[in-house]
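Structure at a glance
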Amino acid sequence: MKEQAKIEILQKLIRIKTVNNNEAEAADYLASLFEPYSNAKVERLTYAPNRDNLIVTIGETGPILGFSGHLDVVAPGDLNAWDSDPFEPVIKQQRLYGRGAADMKSGLAALVVAMLELLESKQPLSGRIRLLATVGEETGEYGAAQLTKAGYADNLIGLIVAEPTSNLSQLVYTARGVIDYRITSIGKAAHSARPQFGVNAIDNLMLFYQQVKARFADFTAVDPVLGGITHNITKISGGEQVNSIPSYAELWGNIRTIPAYPNQVFYDKIAELLAELNQQSDVKLAVEYSFPEEAIPGDPQSPIIKAAQLTAQKVLGRTFKIAGSSGANDGAEFLQAKGTFNSIEIGPGSDSSHQSNEYVELPIYLQAIEFYQKLALEFLKSQTN
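Nothing here was measured: the structure is a model prediction, and the numbers come from that model.

So, the overall build of the chain
- Per the secondary structure count, the chain includes 9 helices and 17 strands.
- For 385 residues, the compact-globule estimate of 2.2 N^0.38 gives 21 Å, and the C-alpha radius of gyration of the chain, at 23 Å, lies within 12% of that figure.
- For the C-alpha atoms alone, the extent of the chain along its principal axes is close to 80 × 45 × 35 Å.
- In the chain, buried positions account for 52% of the 385 residues.
- Across the chain, the fraction of contacts at a sequence separation of at least 24, relative to all contacts at a separation of at least 6, is 80%.
- Surface summary for the chain: the accessible area is close to 16500 Å², and the carbon and sulfur share equals 47%.
- Of the side-chain charges in the chain, 33 are positive and 44 negative, and the distance between the mean point of each set is 2 Å.

Structural notes on helix 6 (residues 263–277)
- Given a rise of 1.5 Å per residue, 15 residues ought to cover 21 Å, and the 22 Å separating the end C-alpha atoms of helix 6 matches this to within 8%.
- Packing partners of the buried residues in helix 6 comprise strand 9 (177–186), helix 5 (201–216), strand 13 (248–257) and strand 14 (285–293).

Quick look at the nonpolar core
- By size, the foremost hydrophobic cluster in this structure holds 65 residues, and its most contacted members are Phe 67, Tyr 365 and Tyr 372.
- Here this core gets 12 residues from one element, more than from any other, and that element is helix 9 (residues 362–384).
- In this view, Phe 67 contacts Leu 111, Met 115, Ile 129, Arg 130, Leu 131, Leu 132, Leu 159, Ile 160, Tyr 372 and Ala 376; residues no more than four positions away in its chain are not counted.
- Counting 25 residues, the second-largest nonpolar core is a separate cluster that includes Tyr 181, Ile 229, Leu 273 and Leu 274.

As for the sheet that holds strand 9
- With antiparallel pairing, 4 strands are arranged side by side in an open sheet as 11-13-9-14. Each having just a single partner strand, strand 11 (230–238) and strand 14 make up the two edges of the open sheet. Going from strand to strand, the sheet's axes swing by 20° on average, the running direction of each strand aside.

Re empty space enclosed by the protein
- A complete count under the given rule lists 1 cavity of 30 Å³ or more for this structure.
- In this structure, the largest cavity spans a volume of roughly 40 Å³.
- Lining the largest cavity, in full, are Val 161, Val 172, Tyr 173, Thr 174, Ala 175, Ile 296, Asn 329, Ser 343, Ile 344 and Glu 345.
- Mapped onto the lining of the largest cavity, the elements with two or more residues apiece are strand 8 (170–175) and strand 16 (343–345).
- Per-element accounting of the lining of the largest cavity gives the leading share, 4 residues, to strand 8.

With respect to unusual backbone geometry
- With an omega dihedral of -15°, the bond running from Asp 103 to Met 104 counts as a cis peptide bond.
- Within the fold, Met 104 resides in the loop between strand 5 (95–97) and helix 3 (105–121).
- Positioned with a positive phi, Lys 122 is a non-glycine residue whose angle comes to about 60°.
- Along the chain, Lys 122 falls in the loop between helix 3 and strand 6 (128–134).
- Unlike most non-glycine residues, Asn 155 shows phi in positive territory, near 60°.
- Summarising the element assignment, Asn 155 is placed in the loop between helix 4 (142–149) and strand 7 (158–161).

Remarks on helix 3
- With 17 residues, helix 3 should cover 24 Å at 1.5 Å per step; its first-to-last C-alpha distance of 24 Å lies within 8% of that length.
- Burial within helix 3 is extensive, with 15 of its 17 residues counted as buried.
- Count one or two residues on from helix 3 and you reach Lys 122, which has phi positive near 60°.

Considerations on the pairing of strand 6
- With 6 of 7 residues buried, strand 6 is to be regarded as a mostly interior element.
- When strand 2 (residues 51–58) meets strand 6, the two strands line up antiparallel, connected through 5 bridges. What sits directly across from Ile 58, in strand 6, is Ile 129.

Brief notes about the packing of aromatic side chains
- If you walk through the whole model with that rule in mind, you get 13 aromatic pairs.
- Pairing Phe 320 with Phe 371 gives two aromatic rings, centres 5.4 Å apart and planes at 90°, and the pair type is edge-to-face. With Phe 320 in the loop between helix 7 (303–316) and strand 15 (321–325) and Phe 371 in helix 9, the pair connects residues that are 51 residues apart, well separated along the chain.
- Given the relative accessible area of 0%, Phe 371 is considered buried.
- Site record: aromatic cluster; members linked through ring pairs are Phe 67, Phe 320, Phe 371 and Tyr 372.

Considering the pattern of salt bridges
- Per the counting criterion, the structure on display carries 13 salt bridges.
- The residue Arg 51 makes a salt bridge to Glu 23 at a minimum N-O spacing of 2.7 Å. Residue Arg 51 is found in strand 2, and its partner Glu 23 is found in helix 2 (residues 23–33); the two are separated by 28 residues along the sequence.
- You can call Arg 51 buried: its relative accessible area is 9%.
- Look at Glu 23 and you get buried, because its relative accessible area is 0%.
- Of the charged contacts, one joins Glu 358 and Arg 99 as a salt bridge, the two residues approaching to 2.5 Å between their closest N and O atoms. Of this pair, Glu 358 sits in the loop between strand 16 and strand 17 (359–361) while Arg 99 sits in the loop between strand 5 and helix 3, and the two are 259 residues apart along the sequence. For the pair shown, Glu 358 and Arg 99 are each scored as buried.
- By sharing partners, the salt bridges in this structure join Arg 182, Glu 250 and Glu 288 into a single network.

Definitions and cut-offs
- Residues numbered from 1 in each chain as written.
- Predicted model: local features only at pLDDT ≥ 70, side-chain atom pairs only at ≥ 80, totals over all residues.
- Heavy atoms only, no water.
- Helix = DSSP H or I, 4+ residues; strand = E, 2+ residues; numbered from the N terminus.
- Rg over C-alpha atoms; globule rule 2.2 N^0.38 Å.
- Buried < 20%, exposed > 50% of the residue type's maximum accessible area, 1.4 Å probe, protein only.
- Contact = heavy atoms within 4.5 Å.
- Areas by Shrake-Rupley, 256 points an atom, 1.4 Å probe, with all protein chains shown as cover.
- Lys, Arg positive; Asp, Glu negative; His and termini not counted.
- Charge placed at Lys NZ, Arg CZ, Asp CG, Glu CD.
- Expected span 1.5 Å × (residues − 1).
- Core = buried A, V, L, I, M, F, W, Y, C linked by side-chain atoms within 4.5 Å.
- Pairing = 2+ DSSP bridges.
- Axes fitted to C-alpha atoms, helices over the stretch in contact; angles between N-to-C directions.
- 1 Å grid on protein atoms, 1.4 Å probe; cavity = no way out; pocket = protein on both sides within 12 Å on 5 of 7 lines; lining within 4 Å.
- Points joined across faces, edges and corners; volume = space filled by probe spheres on them.
- Phe/Tyr/Trp six-rings, centres within 6.5 Å; stacked < 30°, edge-to-face > 60°.
- Salt bridge = Lys/Arg side-chain N within 4 Å of Asp/Glu carboxyl O.

Below is the structure:
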């Protein structure tokens, strides 16, 4: 495939506005690219109207290597902060600008083009490659969770997640988990001049706020790559008006976990605190969790990392820095599938994710395509010898 055609695939993908929705149109476009190849198995799994996950498998038989990329992007934010339309990609000095150029339509497009070129070349594979293109990664990895539950990630031999890693400069093998939680406090409204007739939901919510960080101080382990856990209260709201005792209040907290602590230990700690506080008169607190993800422990000596380093030396003339990630990705869900396998995160894209004037360096995008092709061939071959 000519370089211009590879770039046009990325441009067309960016033009499709998949801001936490409308992924089906992007899935349709990518599926159409595989139509000329009868030996490509194309499937869809619908999450909601206009929201389709896409699964494409190439290769006849044998072990399956997973390619992971998400179809959705975050909102562009203040359009005045952009130098051009975020959904009309612009190329300047070998940089392609547009929403999703870094996170992560360049990575997804590179995976797709790598598969298309392998089909075009008719090069035999020592196994199979399965693209898992998901909905909703930016808001909770629920597309990956749906695909995992449906069995599409079962018994993979490895997984390549094409999230941006500083222009292919590092290879991420371990990642923090994430727990977003909401604490609700139910009180009783009353006139502020007669507070004795009400129950102040904000006061009761503050009981939790004041104690939860002290409880989490017990988690003192420090991961050599990821560091310790982090916990922040990031949003608080409540009350009806200034002269009324608030009948409702809530707060949101965000925990970034490490492999030393499974998510359940945090659930248990919060449940313990709430049980104690709810013993007090008129205190009514409850918790809800929003798409939590386990930390990814990884193995810096895994076969897929060794294959990636060997491929990087051949394609890029260098090896990667081995690193961890403070953010979660779809790999956390796919690793819950049947079987045991390792995932790596490696992809094109700058550090401009979620920012205005988001961009990808086009030479890096093109290198990523070659890298994914050769890594797939190398790794599948190593796993069947």
